[in-house]
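Coordinates in review
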Amino acid sequence: MSVSHRKRMSISSTRSASPLSPLAFQAAPNPDTEDWIKLWETIPARDLIDTPVVTVDSEASVEDACEVLLSKHVSCIAINRASSGSPADTPFLGLFDYPDVNAFLTLAATRHRWSPEELRGKPRTEEIIAAAKSGRVPVRLVSNLSEKNPLEVVPHDATIISLLAIFSRGTHRVLIRAPAHSNNFLGFVSDRSLLEWFTASAQKSPSLGAYLYTPLSNLALPSLHLYTSVVAAKASDSVLDVMRLMSDCGVSSVAVIEEEGGTLLSAVSVTDIGKLVVPSQSKTILSMPLNQFISLIKEPDGSTDGVDKYPVYSVSPASTLLYTMQKILATNSHRLFVSDEYTPSTPTGNACLSGVVSIVDVLSLFGRLANLPDIDPTAMQRHRRASSTTSSGRSPDHFTFPRSRSSSRTGLTSSGSRKRASVSSITISPGLPATGTSPAHIPHVPSLELLQSQWAERVPR
């Protein structure tokens, strides 16, 4: 199929791929595991809180909720219930984050494509579209629209083990209760905070540090060599293309690759969409090619110090688990792309992408070490993709990228782009890398009516 006939791509491997057996997901025996578990059972989850509880009323508009996300420099806000039931009830009806923003904006920009038949049996989508037509969508309708953001609450005495039980199945954050006899909450712990804790622990525990020097190829990572798990877009695809791809595939970031040769350029995330697309007053932002959008993502770095920084979003199967964890933290990303041919001498690496490794994948390894039951890091993503397929009523177009000269395998599912906190070098120090900071100036969020009037005219009918 020619490159011009693309949108999304899904390249299956010519190598025979049998499903991994349950035994393949069991962590290798380690004589020090018991000592690690004893320690993890003593560390309070509340020690890892990295985000305060910021709330909005359930009837607040999506526009207002987006402005809170941007102005408060948080990745997630809690939505207050209109009224609480029994005292034991959580006072929040749900959460709202950047994946929800992306899912909502994608729906708003493409709502004219939905037929009455497709909307039948989807009351939530119908209600959102009806509210959008009236000019005001309450945020309660959009809470967890992405199906990536469920409200998970743990008690005040929850431990590292409690966090592993939740995060290793795909949830990205939990809410920590205040001490007993209180309906207050201390804050959120993210899966990234737990990953950072394990990375720091490797410097204090020689045995854990030795385990983390295991190459990725020797670990039971579910998407390391599953080529169809790589979700990617061409540099010439538009911002709206990548928004739809992330929403349809149930992922928070996608690779952006060169059309010729498949070289990895960068990545685009739902956070990039929220921080750049939502405040934009431009009428062309959704039709902007991804290579230009990536320039906007990198712009704050260049304007600050005059140096263009290139986060490298790929690792190889030979990379150690510790190096991978450090790179995820350094690039402020949720996933890295696995390349069979990795050349770090170039800013982005000349890569034949073959798989992915995410925070969830890494934490699932620790969950298996802790002998937690029912560990399945792909469960939530499978559910989101199945839900997206049934809700859209459409099958994705397919597009094939050139194969690597030294491999008959390539795997990518196309239409995307992304960026994270910048890294000046691919060399990761043994210590914890610093993360990026939010821009000081937060542009005003335009109204939903303005967004719709600007975007709808540019969406092909």
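Residues numbered from 1 in each chain as written. Predicted model: local features only at pLDDT ≥ 70, side-chain atom pairs only at ≥ 80, totals over all residues. Heavy atoms only, no water.

In terms of regular secondary structure, the protein is built from 15 helices and twelve strands. Here the protein holds 461 residues, and the buried ones make up 54% of them. A separation of at least 24 residues holds for 72% of the contacts in the protein among residues at least 6 apart in sequence. (Helix = DSSP H or I, 4+ residues; strand = E, 2+ residues; numbered from the N terminus. Buried < 20%, exposed > 50% of the residue type's maximum accessible area, 1.4 Å probe, protein only. Contact = heavy atoms within 4.5 Å.)

Now for helix α12 (residues 321-330). Burial analysis of α12 places nine of its ten residues in the buried class, which makes it a mostly covered element. For α12, the set of buried residues is L321, L322, T324, M325, Q326, K327, I328, L329 and A330. Looking at the packing, one finds that the buried side of α12 touches α7 (191-201), α8 (206-212), β10 (314-315), β11 (335-339), β12 (353-358) and α13 (359-369). Positioned one or two residues after α12, N332 has a phi angle of 55°, which is positive.

The next point concerns the environment of V189. Within the secondary structure, V189 sits in strand β6 (residues 185-190). When the C-alpha positions of V189 and V174 are compared, they lie 5.4 Å apart, and in sequence the two are 15 residues distant.

The next subject is the environment of V242. Mapped onto the elements, V242 comes out in helix α9 (residues 239-249). With relative accessibility at 0%, the residue V242 sits in the buried group.

This paragraph deals with the sheet that holds β12. What the three strands build is an open sheet, ordered β10-β11-β12; its pairing is mixed. In this open sheet, the two edge strands, each paired with only one partner strand, are β10 and β12. Note that β10 and β11 share two bridges and pair parallel. Following the sheet pairing, V315 is matched in β11 by V338. (Pairing = 2+ DSSP bridges.)

Let us now look at the pairing of β12. For β12, the tally of buried residues reaches six of six residues, placing the bulk of the element in the interior. Pairing between β11 and β12: five bridges, direction antiparallel. Following the sheet pairing, R335 is matched in β12 by S358.

Summarising burial for strand β8 (residues 253-257): five of the five residues are buried, a large majority. A two-sided burial pattern is seen for β8, the buried positions comprising S253, A255 and I257 on one face and V254 and V256 on the other. Linking β8 back to strand β9 (residues 264-269) in an antiparallel pair, the connection comprises six residues, with G261 at a positive phi of about 95°.

Right, let's get into the packing of aromatic side chains. Describing an aromatic ring pair means giving the distance of the ring centres and the angle of the ring planes. Counted according to the given criterion, the structure contains seven aromatic pairs. A ring pair is formed by W40 and F198, whose centres lie 5.2 Å apart and whose planes are at 85°; its orientation type is edge-to-face. Separated by 158 residues along the polypeptide, W40 in helix α1 (residues 33-40) and F198 in helix α7 bring together distant segments of the chain. Here the two residues W40 and F198 agree in accessibility, since each one is buried. Among the residues examined, F198 registers a relative accessible area of 0% and is labelled buried. Aromatic rings pair up to connect W36, W40, W197, F198, Y211 and F366 into one cluster. (Phe/Tyr/Trp six-rings, centres within 6.5 Å; stacked < 30°, edge-to-face > 60°.)

A complete count under the given rule lists five salt bridges for this structure. Here R140 and E127 are joined by a salt bridge, their closest N and O atoms 3.8 Å apart. Residue R140 is found in the loop between α5 (123-134) and β4 (153-154), and its partner E127 is found in helix α5; the two are separated by 13 residues along the sequence. On the basis of relative accessible area, R140 is assigned to the partly exposed category, the value being 32%. For K234, the salt bridge identified is with D237, shortest N-O distance 3.4 Å. (Salt bridge = Lys/Arg side-chain N within 4 Å of Asp/Glu carboxyl O.)

In this section: the nonpolar core. I77, F96, V239, I273 and F293 are the most contacted members of the largest nonpolar core, which totals 55 residues. Secondary-structure elements contributing two or more residues to this core are α2 (62-71), β2 (76-80), α3 (98-110), α5, α9, β8, α10 (270-277) and α11 (290-305). When residues no more than four places from it in sequence are discounted, the contact partners of V239 are I273, V277, I285, L286, M288, L290 and F293. Counting 46 residues, the second-largest nonpolar core is a separate cluster that includes W40, L195, L208 and L369. (Core = buried A, V, L, I, M, F, W, Y, C linked by side-chain atoms within 4.5 Å.)

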